[in-house]
Amino acid sequence: MILITGGAGFIGGNFVLDWLANPSAEGIINLDKLTYAGNLATLECLKNDSRHQFIHGDIGDQGLVKQLLAEHKPRAIVNFAAESHVDRSIHGPADFVQTNIVGTFNLLECAREYWNALEGQAKEQFRFHHVSTDEVYGSLSASDPAFTEKNSYEPNSPYSASKAASDHLVRAWFHTYGFPVVTTNCSNNYGPYHFPEKLIPLVILNALDGKPLPIYGDGQQVRDWLYVGDHCSAIREVLARGSLGETYNIGGWNEKANLDVVKTICSILDQLRPRADGKSYAAQITFVKDRPGHDRRYAIDASKIERELGWKPAETFETGIRKTVQWYLDNPQWVEGVVSGSYRDWLQKQYH
Ligand code: NAD
Ligand code: DAU
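Here is a short report on the structure shown in this document. Keep in mind that this is a model prediction, so the values were computed, not measured.

Rules used in this analysis
- Residues numbered from 1 in each chain as written.
- Chains lettered and ligands numbered in written order.
- Predicted model: local features only at pLDDT ≥ 70, side-chain atom pairs only at ≥ 80, totals over all residues.
- Heavy atoms only, no water.
- Near = heavy atom within 4 Å.
- Polar contact = N/O pair within 3.5 Å; in protein donor to acceptor, adjacent residues only side chain to side chain.
- Areas by Shrake-Rupley, 256 points an atom, 1.4 Å probe, with all protein chains shown as cover.
- Helix = DSSP H or I, 4+ residues; strand = E, 2+ residues; numbered from the N terminus.
- Buried < 20%, exposed > 50% of the residue type's maximum accessible area, 1.4 Å probe, protein only.
- Pairing = 2+ DSSP bridges.
- Right-handed = clockwise from strand over helix to strand, strands pointing away.
- Arc of directions from axis to C-beta.
- Contact = heavy atoms within 4.5 Å.
- Phe/Tyr/Trp six-rings, centres within 6.5 Å; stacked < 30°, edge-to-face > 60°.
- Axes fitted to C-alpha atoms, helices over the stretch in contact; angles between N-to-C directions.
- Parallel < 35°, antiparallel > 145°, perpendicular 65-115°, else oblique.
- Left-handed = near helix turned anticlockwise from the far one by under 90°.
- Core = buried A, V, L, I, M, F, W, Y, C linked by side-chain atoms within 4.5 Å.

### Observations concerning the site of ligand 2
Part 1 of the reasoning: Around ligand 2 sit 24 residues in total, of which Thr133, Asp134, Tyr159, Arg291 and Tyr351 are the nearest.
Part 2 of the reasoning: Ser84 places a main-chain nitrogen or oxygen 2.7 Å from an oxygen atom of ligand 2.
Part 3 of the reasoning: In the environment of ligand 2, an oxygen atom lies 2.9 Å from a nitrogen or oxygen atom belonging to the side chain of Asn258.
Part 4 of the reasoning: Against a free-state accessible area of 690 Å², the protein chains account for coverage of 95% of ligand 2.
Part 5 of the reasoning: Secondary-structure elements contributing two or more residues to the shell around ligand 2 are helix H7 (199-208) and strand S8 (213-216).
Part 6 of the reasoning: In terms of residue count, S8 provides more of the shell around ligand 2 than any other element does, three residues in total.

So, in C-alpha coordinates, the structure goes:
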(Lines give C-alpha, C1' and ligand atoms only; values in the text may rest on other atoms or scores of the structure.)
(Ligands and ions follow the chains in the order given, each with its own letter.)
Protein backbone atom coordinates (compact mmCIF):
# COMPACT_ATOMS: atom_id res chain seq x y z
CA MET A 1 0.00 0.00 0.00
CA ILE A 2 1.21 3.52 -0.81
CA LEU A 3 -0.34 6.83 0.27
CA ILE A 4 -0.75 9.45 -2.45
CA THR A 5 -1.77 13.01 -1.65
CA GLY A 6 -3.39 15.23 -4.28
CA GLY A 7 -4.27 12.23 -6.41
CA ALA A 8 -7.42 13.84 -7.82
CA GLY A 9 -5.38 16.63 -9.44
CA PHE A 10 -3.68 16.68 -12.81
CA ILE A 11 -0.36 14.93 -12.13
CA GLY A 12 -1.50 12.95 -9.08
CA GLY A 13 -4.50 11.66 -11.05
CA ASN A 14 -2.31 10.59 -13.96
CA PHE A 15 0.08 8.94 -11.50
CA VAL A 16 -2.72 6.93 -9.84
CA LEU A 17 -4.09 5.80 -13.22
CA ASP A 18 -0.65 4.83 -14.54
CA TRP A 19 0.29 3.05 -11.30
CA LEU A 20 -2.87 0.96 -11.21
CA ALA A 21 -2.63 0.16 -14.92
CA ASN A 22 -0.07 -2.39 -13.74
CA PRO A 23 -2.15 -5.40 -12.57
CA SER A 24 0.43 -6.37 -9.95
CA ALA A 25 0.79 -2.87 -8.47
CA GLU A 26 0.27 -2.24 -4.76
CA GLY A 27 -2.95 -0.53 -3.70
CA ILE A 28 -3.29 3.23 -3.29
CA ILE A 29 -4.81 5.35 -0.55
CA ASN A 30 -5.54 8.65 -2.21
CA LEU A 31 -5.92 11.64 0.14
CA ASP A 32 -7.22 14.76 -1.59
CA LYS A 33 -9.03 17.86 -0.36
CA LEU A 34 -10.89 18.28 -3.68
CA THR A 35 -10.15 21.96 -4.11
CA TYR A 36 -11.31 23.53 -7.38
CA ALA A 37 -8.39 21.60 -8.99
CA GLY A 38 -9.35 18.16 -7.66
CA ASN A 39 -11.65 16.17 -9.89
CA LEU A 40 -12.97 12.69 -9.17
CA ALA A 41 -14.11 12.36 -12.80
CA THR A 42 -10.43 11.76 -13.60
CA LEU A 43 -10.58 8.61 -11.43
CA GLU A 44 -14.00 7.45 -12.67
CA CYS A 45 -12.59 4.26 -14.25
CA LEU A 46 -11.32 3.15 -10.79
CA LYS A 47 -14.68 3.25 -9.04
CA ASN A 48 -14.91 -0.55 -8.92
CA ASP A 49 -11.20 -1.14 -8.36
CA SER A 50 -10.66 -2.22 -4.76
CA ARG A 51 -6.96 -1.32 -5.03
CA HIS A 52 -7.90 2.38 -4.98
CA GLN A 53 -9.34 4.01 -1.89
CA PHE A 54 -10.21 7.69 -2.05
CA ILE A 55 -10.17 9.75 1.15
CA HIS A 56 -11.59 13.25 1.06
CA GLY A 57 -9.42 15.33 3.39
CA ASP A 58 -6.64 17.81 3.98
CA ILE A 59 -2.92 17.02 4.32
CA GLY A 60 -2.97 19.64 7.09
CA ASP A 61 -5.42 17.58 9.17
CA GLN A 62 -3.18 15.93 11.75
CA GLY A 63 -5.85 13.61 13.18
CA LEU A 64 -6.84 12.32 9.77
CA VAL A 65 -3.29 11.81 8.50
CA LYS A 66 -2.26 9.95 11.67
CA GLN A 67 -5.33 7.77 11.46
CA LEU A 68 -4.68 6.91 7.79
CA LEU A 69 -1.08 5.98 8.51
CA ALA A 70 -2.02 3.81 11.50
CA GLU A 71 -4.82 2.08 9.63
CA HIS A 72 -3.20 1.45 6.23
CA LYS A 73 0.49 1.24 7.15
CA PRO A 74 1.78 2.53 3.80
CA ARG A 75 5.32 1.67 2.77
CA ALA A 76 5.64 5.07 1.05
CA ILE A 77 4.02 8.49 0.75
CA VAL A 78 4.07 10.48 -2.48
CA ASN A 79 3.12 14.11 -1.83
CA PHE A 80 1.51 15.74 -4.88
CA ALA A 81 -1.00 17.84 -2.90
CA ALA A 82 -0.47 21.54 -3.45
CA GLU A 83 -1.91 24.77 -4.64
CA SER A 84 -0.22 24.80 -8.02
CA HIS A 85 -1.24 27.82 -10.13
CA VAL A 86 1.13 30.82 -10.19
CA ASP A 87 -1.55 33.35 -11.20
CA ARG A 88 -3.81 32.28 -8.33
CA SER A 89 -0.88 32.61 -5.93
CA ILE A 90 -0.51 36.24 -7.01
CA HIS A 91 -4.20 36.98 -6.36
CA GLY A 92 -4.33 35.05 -3.06
CA PRO A 93 -1.16 33.58 -1.53
CA ALA A 94 -2.69 32.45 1.80
CA ASP A 95 -3.88 29.03 0.57
CA PHE A 96 -0.41 28.44 -0.88
CA VAL A 97 1.26 29.05 2.47
CA GLN A 98 -1.33 26.91 4.21
CA THR A 99 -1.25 23.85 1.98
CA ASN A 100 2.22 23.93 0.47
CA ILE A 101 4.11 24.86 3.61
CA VAL A 102 1.97 24.13 6.68
CA GLY A 103 0.32 21.11 5.03
CA THR A 104 3.67 19.60 4.03
CA PHE A 105 4.99 20.27 7.54
CA ASN A 106 2.05 18.39 9.04
CA LEU A 107 2.50 15.49 6.64
CA LEU A 108 6.21 15.30 7.47
CA GLU A 109 5.58 15.32 11.21
CA CYS A 110 2.84 12.68 11.08
CA ALA A 111 4.95 10.53 8.77
CA ARG A 112 8.03 10.89 10.97
CA GLU A 113 6.12 9.75 14.02
CA TYR A 114 4.75 6.78 12.05
CA TRP A 115 8.19 5.90 10.66
CA ASN A 116 9.83 6.16 14.11
CA ALA A 117 7.53 3.42 15.36
CA LEU A 118 8.29 1.09 12.43
CA GLU A 119 10.85 -1.67 12.80
CA GLY A 120 13.22 -3.74 10.67
CA GLN A 121 12.57 -3.89 6.94
CA ALA A 122 9.43 -1.77 7.13
CA LYS A 123 11.47 1.07 8.65
CA GLU A 124 14.38 0.65 6.27
CA GLN A 125 12.23 0.60 3.16
CA PHE A 126 9.90 3.49 4.01
CA ARG A 127 10.05 6.50 1.63
CA PHE A 128 8.60 10.01 1.67
CA HIS A 129 8.64 11.32 -1.91
CA HIS A 130 8.06 15.07 -2.22
CA VAL A 131 6.94 16.27 -5.66
CA SER A 132 8.27 19.74 -6.43
CA THR A 133 8.94 22.12 -9.27
CA ASP A 134 11.74 23.72 -11.28
CA GLU A 135 10.27 27.14 -10.38
CA VAL A 136 12.13 27.07 -7.04
CA TYR A 137 15.36 27.84 -8.95
CA GLY A 138 14.05 31.17 -10.26
CA SER A 139 14.44 32.54 -13.76
CA LEU A 140 17.18 31.98 -16.39
CA SER A 141 18.43 34.36 -19.06
CA ALA A 142 18.61 33.08 -22.63
CA SER A 143 22.29 32.14 -22.34
CA ASP A 144 22.27 30.56 -18.85
CA PRO A 145 22.83 26.81 -18.58
CA ALA A 146 19.81 24.74 -17.57
CA PHE A 147 19.03 24.19 -13.86
CA THR A 148 20.97 21.39 -12.20
CA GLU A 149 20.29 20.07 -8.69
CA LYS A 150 23.14 22.32 -7.51
CA ASN A 151 21.47 25.59 -8.51
CA SER A 152 20.58 27.83 -5.58
CA TYR A 153 16.95 28.43 -4.74
CA GLU A 154 15.67 31.81 -5.98
CA PRO A 155 11.87 31.55 -6.05
CA ASN A 156 10.06 34.59 -7.46
CA SER A 157 6.32 34.00 -7.04
CA PRO A 158 4.25 33.23 -3.95
CA TYR A 159 3.70 29.78 -5.47
CA SER A 160 7.38 29.01 -6.03
CA ALA A 161 8.34 30.51 -2.66
CA SER A 162 5.85 28.20 -0.93
CA LYS A 163 7.17 25.18 -2.85
CA ALA A 164 10.76 26.18 -2.03
CA ALA A 165 9.84 26.39 1.66
CA SER A 166 8.33 22.91 1.54
CA ASP A 167 11.46 21.55 -0.18
CA HIS A 168 13.58 23.04 2.60
CA LEU A 169 11.44 21.38 5.26
CA VAL A 170 11.79 18.03 3.50
CA ARG A 171 15.56 18.48 3.26
CA ALA A 172 15.80 19.43 6.95
CA TRP A 173 13.76 16.40 8.04
CA PHE A 174 16.37 14.20 6.32
CA HIS A 175 19.40 15.97 7.74
CA THR A 176 18.07 16.48 11.26
CA TYR A 177 15.98 13.39 11.86
CA GLY A 178 17.33 10.95 9.27
CA PHE A 179 13.78 10.78 7.90
CA PRO A 180 13.94 8.93 4.54
CA VAL A 181 13.01 11.46 1.86
CA VAL A 182 13.53 11.97 -1.86
CA THR A 183 12.54 15.14 -3.74
CA THR A 184 11.92 15.64 -7.43
CA ASN A 185 11.88 19.04 -9.15
CA CYS A 186 10.05 18.87 -12.44
CA SER A 187 9.46 21.23 -15.34
CA ASN A 188 6.09 22.17 -16.90
CA ASN A 189 3.81 19.18 -17.44
CA TYR A 190 1.07 18.81 -20.03
CA GLY A 191 -1.25 15.99 -21.04
CA PRO A 192 -4.69 14.50 -20.28
CA TYR A 193 -6.81 15.71 -17.32
CA HIS A 194 -5.00 19.06 -17.12
CA PHE A 195 -7.13 21.75 -15.53
CA PRO A 196 -7.82 24.50 -18.09
CA GLU A 197 -6.44 27.41 -16.09
CA LYS A 198 -2.95 26.40 -17.31
CA LEU A 199 -1.64 27.52 -20.70
CA ILE A 200 -1.94 24.37 -22.82
CA PRO A 201 -5.46 23.16 -21.90
CA LEU A 202 -6.70 26.77 -21.76
CA VAL A 203 -5.54 27.37 -25.32
CA ILE A 204 -7.00 24.11 -26.66
CA LEU A 205 -10.41 24.76 -25.11
CA ASN A 206 -10.54 28.49 -25.88
CA ALA A 207 -9.60 27.76 -29.49
CA LEU A 208 -12.44 25.25 -29.88
CA ASP A 209 -14.83 27.70 -28.20
CA GLY A 210 -13.93 30.54 -30.59
CA LYS A 211 -12.45 32.57 -27.71
CA PRO A 212 -9.22 34.63 -27.58
CA LEU A 213 -5.97 32.74 -26.91
CA PRO A 214 -4.35 34.97 -24.24
CA ILE A 215 -0.58 35.37 -24.48
CA TYR A 216 1.03 37.17 -21.56
CA GLY A 217 3.47 39.95 -22.53
CA ASP A 218 5.48 39.20 -25.67
CA GLY A 219 4.99 35.42 -25.51
CA GLN A 220 8.74 34.82 -25.56
CA GLN A 221 8.91 33.28 -22.08
CA VAL A 222 10.41 29.82 -22.29
CA ARG A 223 9.24 26.69 -20.49
CA ASP A 224 10.64 23.14 -20.66
CA TRP A 225 7.63 20.94 -21.44
CA LEU A 226 7.28 17.35 -20.24
CA TYR A 227 4.46 14.95 -21.05
CA VAL A 228 2.75 14.01 -17.78
CA GLY A 229 3.17 10.25 -18.34
CA ASP A 230 6.93 10.82 -18.44
CA HIS A 231 6.81 12.70 -15.13
CA CYS A 232 4.90 9.75 -13.62
CA SER A 233 7.45 7.21 -14.88
CA ALA A 234 10.28 9.34 -13.45
CA ILE A 235 8.58 9.46 -10.04
CA ARG A 236 8.16 5.68 -10.09
CA GLU A 237 11.90 5.30 -10.78
CA VAL A 238 12.95 7.72 -8.04
CA LEU A 239 10.56 6.15 -5.56
CA ALA A 240 11.94 2.70 -6.35
CA ARG A 241 15.65 3.45 -6.63
CA GLY A 242 16.41 7.08 -5.73
CA SER A 243 19.06 7.71 -3.06
CA LEU A 244 17.77 8.98 0.26
CA GLY A 245 18.12 12.70 0.85
CA GLU A 246 18.79 13.33 -2.85
CA THR A 247 16.94 15.62 -5.22
CA TYR A 248 16.38 14.78 -8.88
CA ASN A 249 15.53 17.25 -11.64
CA ILE A 250 13.01 15.95 -14.16
CA GLY A 251 12.53 17.61 -17.54
CA GLY A 252 11.72 16.98 -21.15
CA TRP A 253 14.66 18.65 -22.93
CA ASN A 254 11.87 20.54 -24.71
CA GLU A 255 12.39 24.27 -24.32
CA LYS A 256 9.72 26.25 -26.16
CA ALA A 257 8.60 29.88 -26.18
CA ASN A 258 4.94 30.26 -25.18
CA LEU A 259 3.99 31.78 -28.53
CA ASP A 260 5.47 28.78 -30.37
CA VAL A 261 3.56 26.38 -28.11
CA VAL A 262 0.31 28.18 -28.87
CA LYS A 263 1.01 28.27 -32.62
CA THR A 264 1.78 24.53 -32.58
CA ILE A 265 -1.54 23.80 -30.86
CA CYS A 266 -3.34 25.97 -33.44
CA SER A 267 -1.78 24.13 -36.35
CA ILE A 268 -2.66 20.70 -34.89
CA LEU A 269 -6.25 21.86 -34.37
CA ASP A 270 -6.28 23.26 -37.92
CA GLN A 271 -5.62 19.69 -39.11
CA LEU A 272 -7.78 17.74 -36.65
CA ARG A 273 -10.78 20.08 -36.27
CA PRO A 274 -10.59 22.87 -38.91
CA ARG A 275 -12.52 26.06 -38.20
CA ALA A 276 -15.76 26.40 -40.14
CA ASP A 277 -14.57 29.64 -41.80
CA GLY A 278 -11.37 27.97 -43.09
CA LYS A 279 -9.12 30.36 -41.13
CA SER A 280 -6.40 29.18 -38.74
CA TYR A 281 -7.04 29.11 -34.99
CA ALA A 282 -3.94 31.31 -34.82
CA ALA A 283 -6.24 34.20 -35.75
CA GLN A 284 -7.58 33.99 -32.17
CA ILE A 285 -4.15 34.75 -30.59
CA THR A 286 -4.39 37.88 -28.41
CA PHE A 287 -1.58 39.54 -26.45
CA VAL A 288 -2.67 40.49 -22.92
CA LYS A 289 -1.11 42.13 -19.87
CA ASP A 290 1.89 40.24 -18.55
CA ARG A 291 1.92 38.22 -15.32
CA PRO A 292 3.55 40.30 -12.51
CA GLY A 293 7.09 39.06 -11.83
CA HIS A 294 6.83 36.66 -14.78
CA ASP A 295 9.85 34.33 -14.90
CA ARG A 296 11.48 34.55 -18.32
CA ARG A 297 12.92 31.10 -18.81
CA TYR A 298 13.02 27.69 -17.10
CA ALA A 299 15.15 24.83 -18.39
CA ILE A 300 15.96 21.56 -16.67
CA ASP A 301 19.18 19.63 -16.94
CA ALA A 302 17.85 16.11 -16.41
CA SER A 303 21.19 14.33 -16.77
CA LYS A 304 21.46 13.20 -13.13
CA ILE A 305 18.28 11.11 -13.23
CA GLU A 306 19.33 9.66 -16.60
CA ARG A 307 22.86 8.87 -15.39
CA GLU A 308 21.89 7.43 -12.01
CA LEU A 309 18.51 5.85 -12.68
CA GLY A 310 18.46 5.43 -16.46
CA TRP A 311 15.28 7.53 -16.85
CA LYS A 312 14.62 9.45 -20.07
CA PRO A 313 11.37 10.93 -21.37
CA ALA A 314 9.58 8.73 -23.90
CA GLU A 315 7.67 11.55 -25.61
CA THR A 316 9.02 14.44 -27.65
CA PHE A 317 7.02 17.67 -27.55
CA GLU A 318 5.71 16.92 -31.04
CA THR A 319 4.32 13.48 -30.13
CA GLY A 320 3.09 14.54 -26.66
CA ILE A 321 1.27 17.67 -27.75
CA ARG A 322 -0.52 15.86 -30.59
CA LYS A 323 -1.70 13.15 -28.17
CA THR A 324 -2.84 15.84 -25.75
CA VAL A 325 -4.87 17.81 -28.31
CA GLN A 326 -6.46 14.56 -29.48
CA TRP A 327 -7.31 13.64 -25.87
CA TYR A 328 -9.20 16.91 -25.35
CA LEU A 329 -11.10 16.35 -28.61
CA ASP A 330 -11.97 12.79 -27.54
CA ASN A 331 -13.09 13.64 -23.99
CA PRO A 332 -15.75 16.36 -24.15
CA GLN A 333 -17.53 14.91 -21.13
CA TRP A 334 -14.55 15.37 -18.81
CA VAL A 335 -14.06 18.87 -20.20
CA GLU A 336 -17.72 19.78 -19.70
CA GLY A 337 -17.59 18.66 -16.09
CA VAL A 338 -14.59 20.86 -15.43
CA VAL A 339 -15.66 23.98 -17.28
CA SER A 340 -18.18 25.02 -14.67
CA GLY A 341 -18.46 26.56 -11.20
CA SER A 342 -15.38 28.07 -9.67
CA TYR A 343 -13.38 27.73 -12.89
CA ARG A 344 -15.76 30.21 -14.57
CA ASP A 345 -15.42 32.61 -11.64
CA TRP A 346 -11.64 32.42 -11.96
CA LEU A 347 -11.68 33.23 -15.68
CA GLN A 348 -13.84 36.25 -14.95
CA LYS A 349 -11.35 37.54 -12.36
CA GLN A 350 -8.22 36.86 -14.43
CA TYR A 351 -9.12 37.98 -17.94
CA HIS A 352 -11.73 40.77 -17.54
P1 NAD B 1 -3.22 20.40 -9.37
O2 NAD B 1 -3.52 21.78 -8.90
O3 NAD B 1 -3.80 19.93 -10.66
O4 NAD B 1 -3.68 19.34 -8.26
C5 NAD B 1 -3.44 19.52 -6.90
C6 NAD B 1 -4.29 18.52 -6.13
O7 NAD B 1 -4.01 18.68 -4.75
C8 NAD B 1 -5.80 18.73 -6.31
O9 NAD B 1 -6.44 17.50 -6.51
C10 NAD B 1 -6.22 19.36 -4.98
O11 NAD B 1 -7.57 19.05 -4.63
C12 NAD B 1 -5.23 18.71 -4.03
N13 NAD B 1 -5.03 19.51 -2.81
C14 NAD B 1 -4.82 20.85 -2.72
N15 NAD B 1 -4.69 21.21 -1.43
C16 NAD B 1 -4.78 20.07 -0.69
C17 NAD B 1 -4.71 19.80 0.70
N18 NAD B 1 -4.51 20.77 1.58
N19 NAD B 1 -4.84 18.53 1.11
C20 NAD B 1 -5.06 17.52 0.22
N21 NAD B 1 -5.16 17.73 -1.11
C22 NAD B 1 -5.02 19.00 -1.56
O23 NAD B 1 -1.65 20.29 -9.37
P24 NAD B 1 -0.69 19.45 -10.34
O25 NAD B 1 -0.39 20.26 -11.55
O26 NAD B 1 -1.23 18.10 -10.48
O27 NAD B 1 0.63 19.43 -9.44
C28 NAD B 1 0.87 18.37 -8.52
C29 NAD B 1 2.19 18.62 -7.81
O30 NAD B 1 3.23 18.67 -8.78
C31 NAD B 1 2.24 19.94 -7.05
O32 NAD B 1 2.96 19.73 -5.88
C33 NAD B 1 3.01 20.87 -7.99
O34 NAD B 1 3.70 21.85 -7.26
C35 NAD B 1 3.95 19.89 -8.65
N36 NAD B 1 4.39 20.24 -10.02
C37 NAD B 1 3.49 20.58 -10.98
C38 NAD B 1 3.93 20.82 -12.28
C39 NAD B 1 2.99 21.17 -13.39
O40 NAD B 1 3.44 21.52 -14.48
N41 NAD B 1 1.68 21.09 -13.21
C42 NAD B 1 5.30 20.74 -12.58
C43 NAD B 1 6.20 20.42 -11.54
C44 NAD B 1 5.73 20.14 -10.27
O1 DAU C 1 7.56 24.88 -14.17
C2 DAU C 1 6.70 24.03 -13.46
C3 DAU C 1 5.43 24.77 -13.14
O4 DAU C 1 4.69 24.83 -14.35
C5 DAU C 1 4.61 24.10 -12.04
O6 DAU C 1 5.34 24.11 -10.85
C7 DAU C 1 3.28 24.84 -11.85
O8 DAU C 1 2.49 24.15 -10.90
C9 DAU C 1 2.56 24.86 -13.18
O10 DAU C 1 1.35 25.60 -13.06
C11 DAU C 1 3.44 25.48 -14.26
O12 DAU C 1 3.64 26.89 -13.99
P13 DAU C 1 3.63 27.98 -15.16
O14 DAU C 1 3.33 29.30 -14.57
O15 DAU C 1 4.85 27.87 -16.01
O16 DAU C 1 2.40 27.39 -16.04
P17 DAU C 1 1.18 28.13 -16.76
O18 DAU C 1 0.49 27.09 -17.59
O19 DAU C 1 0.36 28.94 -15.82
O20 DAU C 1 1.92 29.12 -17.74
C21 DAU C 1 2.85 28.65 -18.71
C22 DAU C 1 3.42 29.87 -19.42
O23 DAU C 1 2.37 30.45 -20.22
C24 DAU C 1 3.87 30.96 -18.48
O25 DAU C 1 5.01 31.60 -19.04
C26 DAU C 1 2.70 31.94 -18.43
C27 DAU C 1 2.12 31.81 -19.82
N28 DAU C 1 0.65 32.01 -19.92
C29 DAU C 1 -0.16 31.33 -19.06
C30 DAU C 1 -1.53 31.49 -19.11
C31 DAU C 1 -2.43 30.76 -18.14
C32 DAU C 1 0.13 32.85 -20.90
O33 DAU C 1 0.87 33.44 -21.71
N34 DAU C 1 -1.24 32.99 -20.96
C35 DAU C 1 -2.08 32.37 -20.09
O36 DAU C 1 -3.32 32.60 -20.16
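### Focus: the pairing of strand S2 (residues 28-32)
Side-chain positions along a regular strand alternate between the two faces of the sheet.
Part 1 of the reasoning: By the criterion of burial, S2 is predominantly enclosed, with five of the five residues buried.
Part 2 of the reasoning: By the alternation rule, side chains of S2 split into Ile28, Asn30 and Asp32 and Ile29 and Leu31, which are all buried.
Part 3 of the reasoning: One ladder, built from four bridges, connects strand S1 (residues 2-5) with S2; its direction is parallel. Residue pairing across strands places Leu3 opposite Ile29, the latter belonging to S2.
Part 4 of the reasoning: In this fold, the crossover linking S1 to S2 by way of helix H1 (residues 10-20) has right-handed handedness.
Part 5 of the reasoning: For S2 and strand S3 (residues 52-56), the ladder comprises five bridges, and the chain directions are parallel. In the strand pairing of S3, Ile28 is matched with His52.

### Considering the site of ligand 1
Part 1 of the reasoning: Inspection of the region around ligand 1 gives 28 residues, with Ile11, Asp32, Ser84, Tyr159 and Lys163 positioned closest.
Part 2 of the reasoning: Between a nitrogen atom of ligand 1 and a main-chain N or O atom of Ile59, the distance comes to 3.0 Å.
Part 3 of the reasoning: Between ligand 1 and Thr99 there is a distance of 3.0 Å, counted from a nitrogen atom to a side-chain nitrogen or oxygen.
Part 4 of the reasoning: Alone, ligand 1 offers 830 Å² of accessible surface; in the complex the protein occludes 97% of this.
Part 5 of the reasoning: Those elements that place two or more of their residues in the shell around ligand 1 are H1, strand S5 (127-133) and helix H6 (158-177).

### A look at helix H2 (residues 62-72)
Residues spaced three or four apart along an α-helix face the same direction, because each turn holds 3.6 residues.
Part 1 of the reasoning: Taken residue by residue, H2 has Leu64, Val65, Leu68, Leu69 and His72 as its buried positions. Viewed end-on, H2 has its buried residues packed into an arc of 130°, placing them on one side of the element.
Part 2 of the reasoning: Tucked inside the fold, the buried residues of H2 contact S1, S2, S3, strand S4 (76-79) and helix H4 (94-116).
Part 3 of the reasoning: Where H2 starts, the residue carrying a side-chain oxygen 3.2 Å from the main-chain nitrogen of Gly63 turns out to be Asp61.
Part 4 of the reasoning: Where H2 ends, the next residue or the one after it, Lys73, has phi of about 45°, a positive value.

### Section: the side chain of Arg291
Part 1 of the reasoning: In this structure, Arg291 sits in the loop between strand S13 (285-288) and helix H10 (303-309).
Part 2 of the reasoning: Given a relative accessible area of 17%, Arg291 falls into the buried group.
Part 3 of the reasoning: The contacts of Arg291, once residues within four sequence positions are left out, are His85, Val86, Asp87, Ile90, Tyr216 and Arg223.

### Observations concerning the packing of aromatic side chains
Part 1 of the reasoning: Tallying each qualifying case throughout the model produces 21 aromatic pairs.
Part 2 of the reasoning: Pairing Phe15 with Phe80 gives two aromatic rings, centres 5.3 Å apart and planes at 50°, and the pair type is tilted. Of the two residues, Phe15 is situated in helix H1 and Phe80 in the loop between S4 and helix H3 (86-91); the sequence distance between them amounts to 65 residues.
Part 3 of the reasoning: Residue classification places Phe15 among the buried positions, given a relative accessible area of 0%.
Part 4 of the reasoning: Since its relative accessible area comes to 11%, Phe80 is described here as buried.
Part 5 of the reasoning: A ring pair is formed by Phe105 and Trp173, whose centres lie 6.0 Å apart and whose planes are at 90°; its orientation type is edge-to-face.

### What to know about the side chain of Thr324
Part 1 of the reasoning: Checked against the element boundaries, Thr324 lands in helix H11 (residues 317-330).
Part 2 of the reasoning: Looking at Thr324, the relative accessible area reads 1%, which means it is buried.
Part 3 of the reasoning: Other than its neighbours up to four places away in sequence, Thr324 contacts Tyr190, Gly191, Ile200, Ile204 and Tyr227.

### Here we look at the packing of helix H9 (residues 258-272) against H11
Part 1 of the reasoning: Running from amino to carboxyl end, H9 crosses H11 at an angle of 55°, the nearest separation of the two axes being 10 Å. As far as their axial angle goes, H11 and H9 are oblique. Remark: the crossing between H9 and H11 carries right-handed chirality. Along the contact surface, H9 presents Val261, Thr264, Ile265, Ile268, Leu269, Gln271 and Leu272, while H11 presents Phe317, Ile321, Arg322, Val325, Gln326 and Leu329.

### Focus: the nonpolar core
Part 1 of the reasoning: Formed by 54 residues in total, the largest nonpolar core has its most connected members in Ile200 and Ile265.
Part 2 of the reasoning: Setting aside residues no more than four positions away along its own chain, Ile265 makes contact with Ile200, Val203, Ile204, Ile321 and Val325.
Part 3 of the reasoning: In this structure, Leu108, Cys110, Phe128 and Val170 belong to the second largest nonpolar core, which totals 24 residues.

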